[in-house]
Amino acid sequence: MLDLDRLPRHEVRRLRQVAARHPDPEEAFRELAERRLAGEPLQYLEGTAAFGPLELEVDRRVLIPRPETERLYELVVELVTDPGVVVDLGTGSGALALALKHRFGSARVVATDISPDALEVASANAERLGLEVEFRQGDLFSALPADLAGRVGLLVSNPPYVAESEWESLPADVRREPRVALVAGPRGTEVLARIARGAADWLRPGGLMACEIGETQGQEALELFGAALSDVRVAQDLTGRDRYLLAWKS
Ligand SMILES: C[S@@+](CC[C@H](N)C(=O)[O-])C[C@H]1O[C@@H](n2cnc3c(N)ncnc32)[C@H](O)[C@@H]1O
């Protein structure tokens, strides 16, 4: 017996809309509701997530793009006019890379991920949206073509920044998302530290580094990125939490 009272009404309505596309809507709705009640994220069941100006297809191979990351996109487009070369490290569904290509049509946009599964989703999104982005698989900067060294005008990343010990306390539906997308290591700042160490080699003079961070990581991020870049600052999300690191190459 389905306990639909445990689901918010807007979710029931959205699941009914998805089910209506199936040949047997009642059966499809029952199956979707059971999966939702078992903790599967709504966006995986719908198969889509909004991100800035785009609608992306998502499934369990990728992190569901978050409103906090949309805010990072908004901050960046307020600061940059003509980036030339854009790099997105850890692109997941392609969210930042595709939104930035949509915004800066003439830019060369390169998006990387360590996960081949994520890159399949991101490439399919790019093709469906008609946005030309170069996707490259590999560990952070090692995925980038050598000729981009010192030429990147905008380097963005929403890297994993959760500590291993925090994983078990994350909400059940968040733990349905890929662990590699969320967990960075014992401290949580390991991937941020590696990005901070490499950024200056890839940015052009005047280039911007813009990174999402965990809300308790502002001070450490300032120290990590301040070692190699200039005008380093932390910016807040719409609720006032420290969630972004911005820095420039002098
Ligand atoms: C927090 S998710 C962000 C996904 C997407 N940028 C977004 O904002 O929705 C982090 C992404 O980084 C990727 N990732 C994790 N470690 C990586 C590494 N060492 N090198 C490259 N990508 C990595 C994960 O596979 C995941 O897609």
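For every chain, the first residue of its written sequence is number 1, and the numbers climb from 1 along that sequence. This being a predicted model, a pLDDT of at least 70 is required before a residue's local features are given, and a value of 80 or more before pairs of side-chain atoms are given or counted; all residues contribute to the totals for chains, interfaces and linings. To obtain the side-chain values, all non-hydrogen atoms of the structure were included, while hydrogens and water were left out.

Focus on the domain arrangement of the protein
Operational definition: Where each domain starts and ends follows an automatic or database-derived domain assignment.
Here the protein is described as being made up of domain 1 (4-38) and domain 2 (60-248). Computed over C-alpha atoms only, the centres of domain 1 and domain 2 are separated by 33 Å.

Observations regarding the sheet that holds strand 6 (residues 152-157)
For clarity, the threshold we go by: The pairing criterion is simple: DSSP has to find at least two bridges between the two strands. Helix numbers and strand numbers start at the N terminus; a helix is a DSSP run of H or I with at least 4 residues, a strand a run of E with at least 2. Angles here are taken between N-to-C directions and fall from 0 to 180 degrees, while the axes themselves are lines fitted to C-alpha atoms, restricted in helices to the stretch in contact. In what follows, residue pairs with any heavy atoms lying within 4.5 Å of each other are defined as contacts.
Spatial strand order, 5-4-3-6-9-11-10: 7 strands in an open sheet with mixed pairing. Each end of this open sheet is capped by a strand with a single partner; those strands are strand 5 (134-137) and strand 10 (230-236). Between one strand axis and the next, the sheet turns by 15 degrees as a mean value, whatever way the strands run. When strand 6 meets strand 9 (residues 203-212), the two strands line up parallel, connected through 5 bridges. Paired with Leu155 across the bridge in strand 9 is Met209. Running at roughly 175 degrees to strand 5, helix 6 (residues 116-129) makes contact with strand 4 (108-113) and strand 5 of the sheet. Across the sheet, helix 9 (residues 218-226) lies against strand 9, strand 10 and strand 11 (242-248), angled at about 160 degrees from strand 10, the strand it touches most.

Description of the pattern of salt bridges
Under the convention used in this document: Any carboxyl oxygen of Asp or Glu that lies within 4 Å of a side-chain nitrogen of Lys or Arg is treated as forming a salt bridge with it. Residue exposure (1.4 Å probe, protein chains only): buried if accessible area is under 20% of the type maximum, exposed if over 50%, otherwise partly exposed.
Within this structure, the stated rule accounts for 24 salt bridges. The partner of Glu74 in a salt bridge is Arg71, with the nearest N and O atoms 3.3 Å apart. Taken together, the positions of Glu74 and Arg71, both in helix 4 (residues 67-79) and 3 residues apart, correspond to about one turn of that helix. For Glu74, a relative accessible area of 35% translates into the label partly exposed. Assessed through its relative accessible area of 18%, Arg71 is described here as buried. A salt bridge links Asp139 to Arg194; the shortest N-O distance between them is 2.8 Å. In this pair, Asp139 is assigned in the loop between strand 5 and strand 6 and Arg194 in helix 8 (residues 190-202), connecting sequence segments 55 residues apart.

Here's the deal with unusual backbone geometry
Even without a glycine there, the phi angle at Leu140 is positive, about 40 degrees. Note on placement: Leu140 falls in the loop between strand 5 and strand 6. Taking relative accessible area as the criterion, Leu140 reaches 13% and is therefore assigned buried. Phi at Asp231 is positive, roughly 45 degrees, even though this residue is not glycine. Tracing the backbone shows Asp231 in strand 10.

What to know about helix 6
What counts, and what does not: Here the expected span of a helix is defined as 1.5 Å times the quantity of residues minus one. Note that the arc is computed from the directions linking the helix axis to the C-beta atoms.
Along its 14 residues, helix 6 runs 20 Å from first to last C-alpha, staying within 8% of the 20 Å computed at 1.5 Å per residue. Burial in helix 6 covers these residues: Ala118, Leu119, Val121, Ala122, Asn125 and Ala126. Along the axis of helix 6, the buried positions cluster into a sector of 160 degrees, meaning they face one direction only. Exposed residues pointing more than 90 degrees away from the buried face of helix 6 are listed as Pro116 and Glu127. If you follow the buried residues of helix 6, they end up packed against strand 2 (54-57), helix 5 (95-103), strand 4 and strand 5. Remark: Gly130 follows helix 6 within two positions and exhibits a positive phi of approximately 70 degrees.

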